[in-house]
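Below, each chain spelled out in residue letters.
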Amino acid sequence: MPEPAQKSKVPASESTLRILRLLASRRGPQPASAIATQLGLPRSTVYHLLAVMEENGFVLHLAEEQRYGLGIGAFELSSAYSRQEPLSRLGRPVLAALVDAIGESAHLAVLHGRDVLYIVEERAKSRPSLVTDVGVRLPSHLTASGRAILAALPKSQVRALYPNAAAFTSRTEEGEQIRSYSALQSELDQVRQRGYATEAGEVTPGLASVAAAVTDHAGWPTAAVAVTFEDERVPMERREDLAKRVHKVAGELAARIYGRG
């Protein structure tokens, strides 16, 4: 049986991180009262922590609006994260081991606006070239990686990313094209039920993919691991096995990132 969760020995530090995470997940600055309510923290504690974070540049107080948003300190951390590329460094050996085991190409992607951005690609020997090279961006609703990430997001955030029909672009005429928000939500419901996402021919004709989200302790998606293969060469029964392997690797990567089992 899993060990019971232990309470933090540094509650102020944990509360500070929870506030930062909450602010990062919202589309705009938040009132201190709303932060306290959403996190279940005393208002006095929230005001005190916000004051300390404001003094150190991690939070910005918009006095006229009586709201708090992320400050330049948070941006500097984000920039440092991008420079150091820890997610790529952690993901590359995990994906390389997956490719060696299954003989198919794999990649790691993160959400970037309405697109997915590919940050790691491991090409299997004698497999076709892919468009999902490092640095490439593709519409998330077309890709297995993107669908895996979108399925783990709150529906309200998905709706904000896809406000109208103009948001639904396409690359090919193959597959069941997603051209509306209702069609996207139907697809994401299937992803949630299966535990992994699929795509066939919607990015590159003749190629298909399966993907699973890499999530934190709260279920928030950090990235997605995907495997791409030739559609005609891989039977449906083997795809289920590939999906299980991808899901397992996504869990292993989450453990490496967040230091948990």
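Residues numbered from 1 in each chain as written. Predicted model: local features only at pLDDT ≥ 70, side-chain atom pairs only at ≥ 80, totals over all residues. Heavy atoms only, no water.

A. Examining empty space enclosed by the protein more closely. Summed over all chains, the structure comprises two cavities of 30 Å³ or more. Its volume calculated, the largest cavity comes out at about 130 Å³. Around the largest cavity, the lining is made up of 16 residues, and of these Thr132, Glu199, Val203, Ser209 and Thr228 lie nearest the centre. Only α6 (144-151), β7 (207-215) and β8 (221-230) provide two or more residues apiece to the lining of the largest cavity. (1 Å grid on protein atoms, 1.4 Å probe; cavity = no way out; pocket = protein on both sides within 12 Å on 5 of 7 lines; lining within 4 Å. Points joined across faces, edges and corners; volume = space filled by probe spheres on them. Helix = DSSP H or I, 4+ residues; strand = E, 2+ residues; numbered from the N terminus.)

B. Structural context of the nonpolar core. The biggest cluster of nonpolar side chains holds 29 residues, and the ones touching the most others in it are Leu98, Leu108, Val210, Val214, Val225, Val227 and Phe229. Elements represented by at least two residues in this core include exactly α5 (86-102), β3 (105-112), β4 (115-122), β7, β8 and α9 (236-258). The biggest single contributor to this core is α9, with seven residues. The contact partners of Val227, leaving out residues within four places of it in the chain, are Leu98, Ile102, Glu104, Ser105, Ala106, Ala208, Ser209, Val210 and Val246. Listed in part, the 25 residues of the second largest apolar core include Tyr118, Ala151, Val158 and Val203. (Core = buried A, V, L, I, M, F, W, Y, C linked by side-chain atoms within 4.5 Å. Buried < 20%, exposed > 50% of the residue type's maximum accessible area, 1.4 Å probe, protein only. Contact = heavy atoms within 4.5 Å.)

C. View of the pairing of strand β1 (residues 59-62). Bridge count between β1 and strand β2 (residues 67-70): four bridges; the pairing is antiparallel. What sits directly across from Val59, in β2, is Leu70. Connecting β1 to the antiparallel partner β2 that follows it, the hairpin turn spans four residues, and Gln66 within it adopts a positive phi of roughly 55°. (Pairing = 2+ DSSP bridges.)

D. Quick look at helix α1 (residues 11-25). Its 15 residues place the ends of α1 21 Å apart at the C-alpha level, agreeing with the 21 Å of an ideal helix rising 1.5 Å per residue. Ser15, Thr16, Ile19, Leu20, Leu22 and Leu23 are the residues of α1 that are buried. Projected down its long axis, α1 carries its buried residues within an arc of 160°, all on one side. In α1, the exposed residues that point more than 90 degrees away from the buried face are Pro11, Leu17 and Ala24. On its buried side, α1 packs onto α2 (32-39), α3 (43-55), β1 and β2. (Expected span 1.5 Å × (residues − 1). Arc of directions from axis to C-beta.)

Geometric descriptors of this kind do not, in isolation, establish any biological role.
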